[in-house]
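Coordinate inspection notes
The primary structure of each chain is shown beneath.
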Amino acid sequence: DAGITQSPRHKVTETGTPVTLRCHQTENHRYMYWYRQDPGHGLRLIHYSYGVKDTDKGEVSDGYSVSRSKTEDFLLTLESATSSQTSVYFCAISEGPQAGGPYNEQFFGPGTRLTVL
Amino acid sequence: SQQGEEDPQALSIQEGENATMNCSYKTSINNLQWYRQNSGRGLVHLILIRSNEREKHSGRLRVTLDTSKKSSSLLITASRAADTASYFCATDERSTLGRLYFGRGTQLTVWP
C-alpha cells in the first residue's frame, strides 16, 4: 500500500467524544488527503494538505479538523463525534501537480472503520 | 456537485466477457483517472488519461476520453473472477489543482 499506514484500523466510540485518526506515509509526498466513504456517496474529500501546516477544506469538512506538523503525518480530528460520522475513512497521498504538467495519481491507505454509537 | 458519475452502478458478467463502464463529468479537466477497490480495501490507481489523449491501453484495460462529451469509458477485456471489484473514475480539474473528484463507482461482479 505504497508506504501509507492508518491508525487505528477500527474504532468504536460514543457520541460526543473526541476522536483522532492518524495517517503516516514514508514516501515523502507533498499532498495528503482525508476522504470518507459511505454507501451511495462514493468517496468524498474532507480535508487535504499541500505541505506542512498548509491545509484546505474539502466538500464535507464540517465537524472535522486536521493538522500536519510533519511531512509524514496527517491527523484527522472529530472534535465531538456524531453518529453521522460513522464511516470508513481513507487517507491518500500524492506528489501533486508536477513541474512537467498536471499529474495527480493518488495512493490510498487501508482505511479506518469508525463507528459512533 | 463536481463529482463524476459512473454508469452502470452495477454490472454482472461471466468470465471471459468484456466489461464496459462509463463516466461522465461536468467541468474542464487536466486528466481523468480510473481506480479499483476490492472489498474492504483502499483504492488502487489503474490508469490515467490526459485531456489531450483520446485512448489509452494498459494490459487488458482500454480507456477512452471524449472531452467534447465530457465522458470516459473503461473497458476490461476477457474478464476474470479476480476483476470483481468497484471501479471509480476521478477527475483532475483545471480549476482546483491537487484535488481529485471521485464518482460513486460501478460494482463489477465477474462470475466463474
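It should be emphasised that the depicted structure is a prediction, and the values quoted were computed from it without experimental measurement.

Thresholds applied
Residues numbered from 1 in each chain as written. Chains lettered and ligands numbered in written order. Predicted model: local features only at pLDDT ≥ 70, side-chain atom pairs only at ≥ 80, totals over all residues. Heavy atoms only, no water. Contact = heavy atoms within 4.5 Å. Buried area = accessible area lost by both parts, 1.4 Å probe. Salt bridge = Lys/Arg side-chain N within 4 Å of Asp/Glu carboxyl O. Polar contact = N/O pair within 3.5 Å; in protein donor to acceptor, adjacent residues only side chain to side chain. Helix = DSSP H or I, 4+ residues; strand = E, 2+ residues; numbered from the N terminus. Nonpolar A, V, L, I, M, F, W, Y, C, P; charged D, E, K, R; others polar. Disulfide = S-S within 2.5 Å. Buried < 20%, exposed > 50% of the residue type's maximum accessible area, 1.4 Å probe, protein only.

What follows covers the interface of chain A and chain B. Every contact between the two is made by 24 residues of chain A and, on the other side, 22 residues of chain B. Summing the contributions of chain A and of chain B, the shared interface buries around 1,800 Å²; its carbon and sulfur component is 52%. Here chain A and chain B share zero salt bridges between them. Taken together, the connections running from chain A to chain B amount to three residue pairs in polar contact (both at pLDDT 80 or more). Contributions of two or more residues to the side of chain A that touches chain B are made by strand E4 (31–38) and strand E5 (42–51) of chain A. The residue makeup of the side of chain A that touches chain B, split by class, is twelve nonpolar, eight polar and four charged.

Okay, the state of the cysteines next. In this structure the tally under the stated criterion is two disulfides over all chains. One disulfide in the model links A:Cys23 with A:Cys91; its S-S distance is 1.9 Å. Judged by the sign of its S-S torsion, about -70°, the bond between A:Cys23 and A:Cys91 is left-handed. Here A:Cys23 is found in strand E3 (residues 19–25), whereas its partner A:Cys91 is found in strand E9 (residues 87–94), with 68 residues between them in sequence. Here A:Cys23 and A:Cys91 have matching classes, each one buried. Here B:Cys23 pairs with B:Cys89 through a disulfide, and the sulfurs are 2.0 Å apart. On the sign convention where negative means left-handed, the S-S torsion of about 65° between B:Cys23 and B:Cys89 marks this disulfide as right-handed. Within this pair, whereas B:Cys23 is found in strand E3 (residues 19–24), its partner B:Cys89 is found in strand E9 (residues 85–93), the two being separated by 66 residues in sequence. Residue B:Cys23 is classed as buried on the basis of its relative accessible area, which comes to 2%. Residue B:Cys89 is classed as buried on the basis of its relative accessible area of 1%.

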